[in-house]
Amino acid sequence: LAKHPEIKALMKPDYNLIWVVVLMVLAQLTAFYLVKDLDWKWVIFWAYVFGSCISHSMTLAIHEISHNSAFGNSKAMWNRWFGIFANLPLGLPYSISFKRYHMDHHRYLGGDGIDVDIPTNFEGWFFCTRFRKFIWIVLQPFFYAIRPLCINPKPITRLEIINLLAQFSFDIVIYYLWGVKSTFYMLAGSVLGLGLHPISGHFIAEHYMFLKGHETYSYYGPLNLLTFNVGYHNEHHDFPNIPGKSLPLVKKIAAEYYDNLPQYNSWIKVLYDFVMDDTISPYSRMKRQLKGEVKQD
């Protein structure tokens, strides 16, 4: 910032995010209606080909909203309510809990017992062969859901209860209006999109140490168009209050800080390399023993 103070001008809300999220919710509602009378094979096909992309993209919209990128820091609660709305087409309550844990990830990256992005000792011990690592990738949504309860359980909050009630009410309405196929499409899209899917390469690309000494990596490939530029991950951790839309500008302005860092151009290759490289496993993360006072959401 001392060298490039113009970056401060990028620290403002991205109001376009609001309209993008609304359109994504409407797109999924349309899809729920269209699949209700299809054969099961086509429900599964469209859940993976289309629903999974929208669902995973929506989780990254929720990531943006967790950083108050939709309405700004001065309207934090507006962002929380909007996150609950964006959560609806995913089928499972996620937004409020994600925000609480994700702030810990930024404050205490790799913090043992705090950062639930770090796999458990069981994951590192068991998913150590090529086949098991492949299964681990398939099951990633389940591990991301269960891991916080094992590593850093937190008391449930009022907003999380509201998130849960709103979500299950929405699910019941979808089932009542359009039946089991639409409900299955909604839930399957979320599970498939966060598991064995090209976009899911970002889970591993972001912080797994393929090169010793480098714990955060950026990806500059085309899938950033579907993921609110989450691939610009070094840039995001340097400036978490800059919306994803503006992260390419950060890289352009401060190119001397980012261009020479290790980077990826393919999340699919990241997934392949993770499975096939016998030196990489869920253990391949930087873990820190935190000292001093720890403040959590």
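All values reported here derive from a predicted model rather than from experimental measurement.

Student: Please set out a nonpolar patch on the surface residue by residue, giving values where relevant.
Tutor: Residues Leu92, Ile156, Ile161, Leu164, Leu165, Phe168 and Leu187 make up a contiguous nonpolar surface patch of about 610 Å² in total accessible area. The element best represented in the nonpolar patch is helix α8 (residues 158-178), accounting for 4 residues. According to the relative accessible area criterion, Leu165 is exposed, its value standing at 53%.

Student: Lay out the side chain of Thr183 in plain terms, naming residues and giving numbers.
Tutor: Tracing the chain through its elements places Thr183 in helix α9 (residues 180-193). By relative accessible area, which is 14% here, Thr183 ends up buried. Residue contacts for Thr183: discarding those within four places in its chain leaves Ile174 and Tyr175.

Student: Describe helix α4 (residues 95-107), and please don't skip the residues or the numbers.
Tutor: Across its 13 residues, α4 extends 19 Å between first and last C-alpha, which sits within 8% of the 18 Å expected from 1.5 Å per residue. Counted residue by residue, α4 has 11 buried out of 13 residues, so it is predominantly covered. Taken residue by residue, α4 has Ser95, Ile96, Phe98, Lys99, Arg100, Tyr101, His102, Met103, Asp104, His105 and His106 as its buried positions. Buried residues along α4 sit against α2 (40-66), α3 (76-87), α7 (140-151), α8, α10 (201-207) and α11 (233-238).

Student: Explain the state of the cysteines to me, using residue names and the numbers behind them.
Tutor: Inspection of the entire model under this criterion finds 0 disulfides. We note that Cys128 lacks a disulfide partner, and the nearest cysteine sulfur, in Cys150, lies 19 Å from it. Residue class for Cys128 comes out partly exposed when judged on its relative accessible area of 40%. What makes Cys150 exposed here is its relative accessible area of 56%.

Student: Hey, could you go over the packing of aromatic side chains for me, with residue numbers and the actual values?
Tutor: Tallying each qualifying case throughout the model produces 23 aromatic pairs. Arranged with centres 5.4 Å apart and planes meeting at 80°, the rings of Trp42 and Phe45 form a pair that is edge-to-face. With Trp42 and Phe45 both in helix α2 and 3 residues apart, the pair spans about one turn of that helix. One aromatic cluster is present, formed by Phe122, Trp125, Phe126, Phe127 and Phe143 through successive ring pairs. Lying over the aromatic face of Phe274, Lys133 brings its terminal NZ or CZ to 5.4 Å of the ring centre. In this arrangement the basic side chain of Arg285 is found over the ring face of Tyr208, its NZ or CZ atom lying 5.0 Å from the centre.

Student: Hey, could you go over unusual backbone geometry for me, with residue numbers and the actual values?
Tutor: Backbone geometry places Phe228, a non-glycine residue, at a positive phi of 55°. For Phe228, the location among the structural elements is in the loop between β1 (218-219) and α11. Of note in this structure, Asn229 is not a glycine but carries a positive phi near 60°. On the secondary structure map, Asn229 appears in the loop between β1 and α11.

Student: Lay out the pattern of salt bridges with the relevant residues and their values.
Tutor: Counted under the stated rule, the structure contains 13 salt bridges. The residue Arg147 makes a salt bridge to Glu123 at a minimum N-O spacing of 2.7 Å. Taken together, the positions of Arg147 in helix α7 and Glu123 in helix α5 (residues 121-126) put the pair 24 residues apart, joining distant regions of the chain. Across the pair, exposure class does not vary: Arg147 and Glu123 are buried alike. Between Asp259 and Lys251 there is a salt bridge; the shortest N-O distance is 2.8 Å. Overlapping salt bridges bring together Asp104, Arg107 and Lys154 as one network.

So, how was this worked out
Residues numbered from 1 in each chain as written. Predicted model: local features only at pLDDT ≥ 70, side-chain atom pairs only at ≥ 80, totals over all residues. Heavy atoms only, no water. Patch = residues over 30% accessible without salt bridge, like charges linked within 9 Å, V, L, I, M, F, W, Y side chains within 5 Å. Areas by Shrake-Rupley, 256 points an atom, 1.4 Å probe, with all protein chains shown as cover. Salt bridge = Lys/Arg side-chain N within 4 Å of Asp/Glu carboxyl O. Helix = DSSP H or I, 4+ residues; strand = E, 2+ residues; numbered from the N terminus. Buried < 20%, exposed > 50% of the residue type's maximum accessible area, 1.4 Å probe, protein only. Contact = heavy atoms within 4.5 Å. Expected span 1.5 Å × (residues − 1). Disulfide = S-S within 2.5 Å. Phe/Tyr/Trp six-rings, centres within 6.5 Å; stacked < 30°, edge-to-face > 60°. Lys NZ or Arg CZ within 6 Å of the ring centre and 35° of its normal.

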